[in-house]
Amino acid sequence: MIYFDNVSKVYPDGTSALDGVTFSVDQGEFISIVGHSGAGKTTLIKLLLGEEHPTSGSVSFDSVDIQKVRAKDMPTLRRRIGVIFQNFRLLPTKTAYENVAFAMEAAGKTDEEIASDVPHVLELVDLSKKMWNFPRQLSGGELQRVAIARAIVNHPDLIIADEPTGNLDPVNTYEIIQILKKINDIGTTVILTTHNKGVVEALGKRVITMDHGKVVRDDATGKYAL
Amino acid sequence: MLWVNTKRIIKAGFINFWRNGSVSLSAVFVMVVALFMIGSTFLLTAFLGTALKDLENKIDINIYIAVGTKESEIMDLKQRLEGLPEVETVLYVTREQALENFRELHKDDHRIIQALDEVGDNPLTAILNVKAEEPSQYEGISNFLQGKSALVSGASSIISKVNYNDNKIAIDRLSRLIEGVKKLGSIITALLIGISVLITFNTVRLAIFIARDEISVMRLVGGGNHYIRGPFLVEGVIYGLVAGLLTMILFYPVTYWLKNVTQGFYGGIDLLQYFVANFVDIFLITVLTGMVLGAVSSYLAVRKYLSVH
């Protein structure tokens, strides 16, 4: 489904973020990417989202080279990928409901679909009671659950979670990981980047370990090896 | 789908305007200042234009007709003058009328009236009052009257005096002044409009700079460029609309106050009345300028954050 083919990325300031990275992810997999800060995890995700282009090599999603997707078609591609960030990145002037609804509006869903799906997905992440709260009125764990609701509402093929538990306490971290597992159980591919050793070991799924822009380990039921 | 999107974009624009209260308020206030500057220059230009027109209308040539000239000869000259392309109007003042006007003008000066009564006979001559289309054309009309044109041959005998040469210096100066003021007025107008546009553009850009993270989030969630830009354009239009309305409200007391001031030094024009009479025009210019300014500024400002990669 996803294929990184000998990808290197050098930023204009000369920093080498990725160096000859090759790996593939199959449909329905749950993989964790671990590594120190600066190991290239975030760059990997930016390449996958088309926010950055590789200096050499290619990144493909469902056999489509992301670098070759025209700017006009980029939004369509992004609607197939749900993204969850460490700092949540919700729209501050929109309520939880509107944040989720925005993703559906952007995907061109009808008002009826939005009215039925948004409450449902917020119920899945246990936020029915705070549907009309603004982000500033929600806790960190709640914000991340809104972000997850937004990421899954369009039934994406892939969920990318970029250190989603980085700002959360252990209880909320556990909850978020459980939600991600549930999403994976229904067949959605999940890519998780994390620093959290406990999370990786509890998952018992495939782990890719990165260091200085290179893949140093790729274990089928890996452990946190740094 | 297009209609649904348009509806959503307009709704989102209104919601954003309302929820970003303080940002919207400051943007609107800056736009009020800008629109007020633009509106003032328009009013000022109109004021100057009317004042100059009044002055231009005061320039004329009086042709004094020799006493004893037959009415038909005068009418003949009048017709020939009216045939000139430069001439706008020719007004015939009979001797009796001239006397009446003279008495009216000097009614408070009983010595002059007394002197007039002592003369007994009417000492005034008939007058043809000529007005040109443009102040610069008086010279030509004057030359025509001095018999340099074949058209007027034979008529020169009935003209006792033309007062053009007395007024020549004043007329020349006034023509030059009017030209100068018109040029200066358009330069100032252009300059002020330019400054206002820059101020507005920067303010809206600042308002959107605050929302730049939101724009990147919208892109990541899969929002198309039109769908992201739309609400910002609507917000810009609302800034302009609200600012335009506030400016119009502000103009009323200002012109009311100026009415007294301007009439003090120049009696010709009443700014308040001008404002009220041309309300629809001024309203449309101000509000439309505001809306277009807001929309264009938003468009340019958002473009910067949409054009990444």
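Relevant structure appears above.
For the structure given in this document, a descriptive report is provided here.

Rules behind the numbers
Residues numbered from 1 in each chain as written. Chains lettered and ligands numbered in written order. Predicted model: local features only at pLDDT ≥ 70, side-chain atom pairs only at ≥ 80, totals over all residues. Heavy atoms only, no water. Patch = residues over 30% accessible without salt bridge, like charges linked within 9 Å, V, L, I, M, F, W, Y side chains within 5 Å. Areas by Shrake-Rupley, 256 points an atom, 1.4 Å probe, with all protein chains shown as cover. Salt bridge = Lys/Arg side-chain N within 4 Å of Asp/Glu carboxyl O. Lys, Arg positive; Asp, Glu negative; His and termini not counted. Charge placed at Lys NZ, Arg CZ, Asp CG, Glu CD. Helix = DSSP H or I, 4+ residues; strand = E, 2+ residues; numbered from the N terminus. Buried < 20%, exposed > 50% of the residue type's maximum accessible area, 1.4 Å probe, protein only. Phe/Tyr/Trp six-rings, centres within 6.5 Å; stacked < 30°, edge-to-face > 60°. Lys NZ or Arg CZ within 6 Å of the ring centre and 35° of its normal. Pairing = 2+ DSSP bridges. Polar contact = N/O pair within 3.5 Å; in protein donor to acceptor, adjacent residues only side chain to side chain. Contact = heavy atoms within 4.5 Å. Buried area = accessible area lost by both parts, 1.4 Å probe.

### So, a negative patch on the surface
All names here are of chain B.
Then, number 1: There is a patch of like negative charges on the surface, built from E88, E133, E134 and E179.
Then, number 2: If you trace the backbone, E179 turns up in helix α7 (residues 164-210).
Then, number 3: Judged by its relative accessible area of 44%, E179 falls in the partly exposed class.

### Focus: the packing of aromatic side chains
Then, number 1: Evaluation of the coordinates by the stated rule reveals six aromatic pairs over all chains.
Then, number 2: An angle of 25° between the planes, with centres 4.6 Å apart, marks the rings of Y97(A) and W132(A) as stacked. Placement of Y97(A) in helix α3 (residues 96-106) and of W132(A) in the loop between α4 (111-124) and α5 (140-152) is noted, with a sequence separation of 35 residues between them.
Then, number 3: Note on Y97(A): relative accessible area 15%, which makes it buried.
Then, number 4: Here W132(A) falls in the exposed class, since its relative accessible area comes to 53%.
Then, number 5: Directly above the aromatic system of F85(A) lies the positively charged group of R89(A), at a separation of 4.9 Å from the ring centroid.
Then, number 6: One cation-aromatic arrangement involves R212(B) over F209(B); the distance from NZ or CZ to the ring centre is 3.9 Å.

### A look at the sheet that holds strand β5 (residues 64-65) of chain A
Residue and element names in this part refer to chain A.
Then, number 1: Spatially, four strands are ordered β2-β1-β4-β5 in an open sheet, and the strand pairing comes out antiparallel. Only two strands of the sheet have a single partner each, and these edge strands are β2 (16-25) and β5.
Then, number 2: Both strand β4 (residues 56-61) and β5 contribute to a ladder of two bridges, which runs antiparallel. If you follow S60 over to β5, its bridge partner there is D65.

### Observations concerning a nonpolar patch on the surface
Residues and elements named next belong to chain B.
Then, number 1: A cluster of nonpolar side chains, contributed by L25, F29, L246 and I249, occupies part of the molecular surface with about 400 Å² of accessible area.
Then, number 2: If you list the elements that add at least two residues to the nonpolar patch, you get α2 (21-58) and α9 (225-265).
Then, number 3: Take I249: it is sitting in helix α9.

### A few points about the side chain of S298(B)
Residues and elements named next belong to chain B.
Then, number 1: Looking at where S298 falls in the secondary structure, it is placed in helix α11 (residues 279-306).
Then, number 2: Overall, the relative accessible area of 1% leaves S298 in the buried class.
Then, number 3: Among the polar contacts made by the side chain of S298, one reaches the main-chain carbonyl oxygen of F232 at a distance of 3.1 Å.
Then, number 4: In contact with S298, other than residues within four places in its own chain, are V204, I208, F232, L233 and G236.

### A look at the pattern of salt bridges
Residues and elements named next belong to chain A.
Then, number 1: Evaluated as defined, the whole model comprises 18 salt bridges over all chains.
Then, number 2: A salt bridge links E163 to K41, with the nearest nitrogen and oxygen atoms 3.8 Å apart. Linking E163 in the loop between β7 (158-162) and α6 (170-185) with K41 in helix α1 (residues 41-48), this pair joins segments that are 122 residues apart in sequence. You'll find E163 and K41 in the same group, each marked buried.
Then, number 3: What you see here is one network of salt bridges that share partners, running through E29, R206 and D218.

### Section: the interface of chain A and chain B
Interfaces are often sized by the accessible area lost when the parts come together.
Then, number 1: Taken residue by residue, the interface counts 25 residues in chain A and 21 residues in chain B.
Then, number 2: Taken together, the two surfaces of chain A and chain B that pack against each other cover about 2100 Å², and 55% of this comes from carbon and sulfur.
Then, number 3: Looking only at chain A, the three residues that lose the most surface to chain B are R78(A), T93(A) and F102(A), adding up to 26% of its buried area.
Then, number 4: Taken together, the links from chain A to chain B amount to three salt bridges.
Then, number 5: A salt bridge links R8(B) to D111(A), with the nearest nitrogen and oxygen atoms 2.8 Å apart.
Then, number 6: Our count for the contact surface shared by chain A and chain B stands at eight residue pairs in polar contact (both at pLDDT 80 or more).
Then, number 7: Of all the secondary structure elements, the ones that give two or more residues to the side of chain A that touches chain B are α2 (74-78), α3 and α4 of chain A.
Then, number 8: Sort the elements by how many residues they give to the side of chain A that touches chain B and α3(A) lands first, with five residues.

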